[in-house]
Amino acid sequence: MDVFARFSTFTAAREVIAAGLYPYFLPLDGHEGPTVIRDGREIIMCGSNNYLGLTGDLRVRAAARAAVDRYGTSCTGSRFLNGNLTLHQELEAELASFYGKQAALVMSTGYQTNLGVIAALLTPRDHVLIDQDAHASIIDGCRLSGARLRRFEHNDAGSLERALAALPEDAARLVVVDGVYSMEGDICDLPAISRVCRAHGARLIVDDAHGLGVLAGGRGTPAHFGLTDEVDLVTVTFSKSLASLGGAVIGDEDAIHYLRHHARSLMFSASLPPADTAAALTALRILRDEPELAYRARKNATYVRGELARVGVDTGSSDTPVVPLHTPGTTETLTLWRRLLDRGVYVNPVLPPAASPRLRTSYMASHTPEQLDRALDAFAAEAHLLRQPEPAAAT
Ligand SMILES: Cc1ncc(COP(=O)(O)O)c(C=O)c1O
């Protein structure tokens, strides 16, 4: 059997392309924030992770340019050997302080951060428990570690507790959750999850990719609940609120020291380029000084959820700038995505196995009321294709 034989048997994407409904790898000509340019036409962007709208901020752009002038375009090597800049260390110190922890370690993407951290911590003898809706990078980190993996019911501390109680008493155990779930926009029940972890001797990592810049005036999920000390490690990405690329793990000095010498995705991959590092650092400083940006992103999403509820659209348990529009199936998801694009609104179609079918919409601090209303008009016009709420039980 030729391993390349699967190239010709993989036909699903070609069929969707032929139907004119292929939603992936859509080329954009301009990407300024709340609007993008596609085929020369301005489209309202309701599918980005640029929650604070900082990718177009003049201060962030200037910092990226200045870093290129000072350091060049690339470090061409791993931080471990020859690619470590004072700029990386400056960003680490400010991130650690922002999260109220001792230290941080900057890596080249959020994906690499989860992969490197989880795989460095666990051995095949250990047990790792993750939420049913955990991000792919968490799953892949667990798989890479070879540890025994179990998934508990989404955001259900009772389900986690049952799974932990079933482990052998002497088993080393790690729990990994998202602070904000990227497909549903709901917030982790950190008070209950951290209590269960403590009761069962499990270490806890929170992936705060979508909590940083969003909750607690941008300070993230542990701060939102006042539980900074109950979380052992936080992982973050710079590719969302911080308008850049890259990721970091934040925790106690001894944990970070260990990871610096064991996280293979850090040690064997080139470091974050100067421009991206400077952009993330500047965005972090803006967030620290202007927490109202985080509140504005959530306020815009609250407005959208309220207006959608008025036209009978159920947005589930979303409580953040991520607002899902649930659909009955794959065909409706792709059809709706296409119709909304034709109406000038960009959203992300999500299909199983990533999550149940839906359009993932998201809102930024920089969306204007007029842009939000135009998007809402488009959603209302196509709402009949969305999954209808369950009828109330007869009394
Ligand atoms: C929850 C979560 N963790 C990690 C990542 C990976 O981040 P990055 O884009 O920096 O690789 C993402 C990105 O989609 C995410 O949503």
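Residues numbered from 1 in each chain as written. Predicted model: local features only at pLDDT ≥ 70, side-chain atom pairs only at ≥ 80, totals over all residues. Heavy atoms only, no water.

### A look at the nonpolar core
Working step 1: Leu95, Leu160, Val175, Val177, Ile193, Leu204 and Phe238 are the most contacted members of the largest nonpolar core, which has 60 residues in total.
Working step 2: A total of nine residues in this core trace back to one element, the largest contributor, which is helix H12 (residues 274–289).
Working step 3: Counting contributing residues per domain, this core is built from domain 1 (11–45 + 291–385) and domain 2 (58–289), each supplying no fewer than three.
Working step 4: Once residues lying within four places of it in the same chain are set aside, the contact partners of leucine 160 are Leu129, Phe152, Val175, Ile193, Val196 and Cys197.
Working step 5: Membership of the second largest hydrophobic core comes to 30 residues, among which are Met45, Met364, Leu372 and Leu376. (Core = buried A, V, L, I, M, F, W, Y, C linked by side-chain atoms within 4.5 Å. Buried < 20%, exposed > 50% of the residue type's maximum accessible area, 1.4 Å probe, protein only. Helix = DSSP H or I, 4+ residues; strand = E, 2+ residues; numbered from the N terminus. Domains from an automatic or database assignment. Contact = heavy atoms within 4.5 Å.)

### What to know about the packing of aromatic side chains
Working step 1: On inspection of all chains with the given rule, the structure shows three aromatic pairs.
Working step 2: For the pair phenylalanine 4 and phenylalanine 7, a centre-to-centre distance of 4.6 Å together with 35° between the ring planes defines the contact as tilted. The two residues phenylalanine 4 and phenylalanine 7 agree in class, both being exposed.
Working step 3: Note on phenylalanine 98 and tyrosine 99: the rings are 6.3 Å apart at their centroids and 75° apart in plane angle, and the pair reads as edge-to-face. Neither phenylalanine 98 nor tyrosine 99 differs from the other in exposure class; each is buried. (Phe/Tyr/Trp six-rings, centres within 6.5 Å; stacked < 30°, edge-to-face > 60°.)

### Some remarks on helix H15 (residues 369–382)
Because each turn of an α-helix spans 3.6 residues, side chains separated by three or four positions in sequence point in the same direction.
Working step 1: The end-to-end C-alpha distance of H15, which contains 14 residues, comes to 20 Å, matching closely the 20 Å that a straight helix rising 1.5 Å per residue would cover.
Working step 2: The complete set of buried residues in H15 reads Gln371, Leu372, Ala375, Leu376, Ala378, Phe379 and Glu382. Buried residues of H15 fall within an arc of 160° about the axis and therefore sit on the same side. Opposite the buried face of H15, by more than 90 degrees, sit the exposed residues Pro369 and Asp377. (Expected span 1.5 Å × (residues − 1). Arc of directions from axis to C-beta.)

### Some points on unusual backbone geometry
Among all residues save glycine, negative phi is the norm, and among peptide bonds the norm is trans.
Working step 1: Cis geometry marks the peptide bond from proline 352 to proline 353; its omega dihedral reads 5°.
Working step 2: Mapped onto the elements of the fold, proline 353 is located in the loop between strand E13 (348–350) and strand E14 (358–362).
Working step 3: Positive phi values are uncommon outside glycine, yet phenylalanine 25 reaches one of about 55°.

### With respect to the pairing of strand E9 (residues 233–237)
Working step 1: E9 sits mainly inside the fold: five of its five residues count as buried.
Working step 2: Of the two faces of E9, the one holding Leu233, Thr235 and Thr237 and the one holding Val234 and Val236 are both buried throughout.
Working step 3: Here strand E8 (residues 203–207) pairs with E9 via three bridges, running parallel. In the strand pairing of E9, aspartate 207 is matched with threonine 235.
Working step 4: In the sheet, E9 pairs with strand E10 (residues 247–251) via five bridges, with the strands oriented antiparallel. (Pairing = 2+ DSSP bridges.)

### Looking at the site of the ligand
Working step 1: For the ligand, the set of nearby residues contains 15 residues, the closest of which are Gly110, Tyr111, Asp207, His210 and Thr237.
Working step 2: Separating an oxygen atom of the ligand from a side-chain N or O atom of histidine 210 is a distance of 2.6 Å.
Working step 3: Contact between the ligand and serine 239: an oxygen atom at 3.1 Å from a side-chain N or O atom of the residue.
Working step 4: Taken by itself the ligand offers 390 Å² of open surface, and the protein chains cover 83% of this.
Working step 5: For the shell around the ligand, the element with the most residues is helix H5 (residues 110–121), which contributes three residues.
Working step 6: When the residues that make up the shell around the ligand are grouped by side-chain class, the tally is two nonpolar, 10 polar and three charged. (Near = heavy atom within 4 Å. Polar contact = N/O pair within 3.5 Å; in protein donor to acceptor, adjacent residues only side chain to side chain. Areas by Shrake-Rupley, 256 points an atom, 1.4 Å probe, with all protein chains shown as cover. Nonpolar A, V, L, I, M, F, W, Y, C, P; charged D, E, K, R; others polar.)

### What about the sheet that holds strand E4 (residues 103–107)?
Working step 1: Here seven strands make up an open sheet; going across it, the order is E4-E10-E9-E8-E7-E5-E6 and the pairing mixed. The open sheet terminates on both sides in strands that have one partner only, identified here as E4 and strand E6 (148–152). Between one strand axis and the next, the sheet turns through 20° on average, direction left out of account.
Working step 2: In this sheet, strand E7 (residues 173–178) lies alongside strand E5 (residues 127–131) in parallel orientation, the contact comprising four bridges. Bridging from a neighbouring strand, histidine 127 pairs with arginine 173 of E7.
Working step 3: Of the strands in this sheet, E5, E6, E7 and E8 are in contact with helix H6 (residues 136–145), which crosses E5 at around 165°. (Axes fitted to C-alpha atoms, helices over the stretch in contact; angles between N-to-C directions.)

### Side note on the domain arrangement of the chain
Working step 1: In terms of domain boundaries, the chain breaks down into domain 1 (11–45 + 291–385) and domain 2 (58–289).
Working step 2: Distance between the C-alpha centres of domain 1 and domain 2: 27 Å.
Working step 3: Approximately 1400 Å² of surface area, both sides summed, lies buried where domain 1 meets domain 2, with 55% of it carried by carbon and sulfur atoms.
Working step 4: Put simply, domain 1 and domain 2 have one salt bridge between them. (Buried area = accessible area lost by both parts, 1.4 Å probe. Salt bridge = Lys/Arg side-chain N within 4 Å of Asp/Glu carboxyl O.)

### Concerning the pattern of salt bridges
Working step 1: Tallying each qualifying case throughout the model produces 18 salt bridges.
Working step 2: Aspartate 39 is the partner of arginine 38 in a salt bridge, and the nearest nitrogen-oxygen pair spans 3.8 Å.
Working step 3: Notably, a salt bridge pairs arginine 343 with glutamate 382, separated by 2.8 Å at the nearest N-O pair. Placement of the pair is arginine 343 in the loop between helix H14 (330–342) and strand E12 (345–346) and glutamate 382 in helix H15, with a sequence separation of 39 residues.

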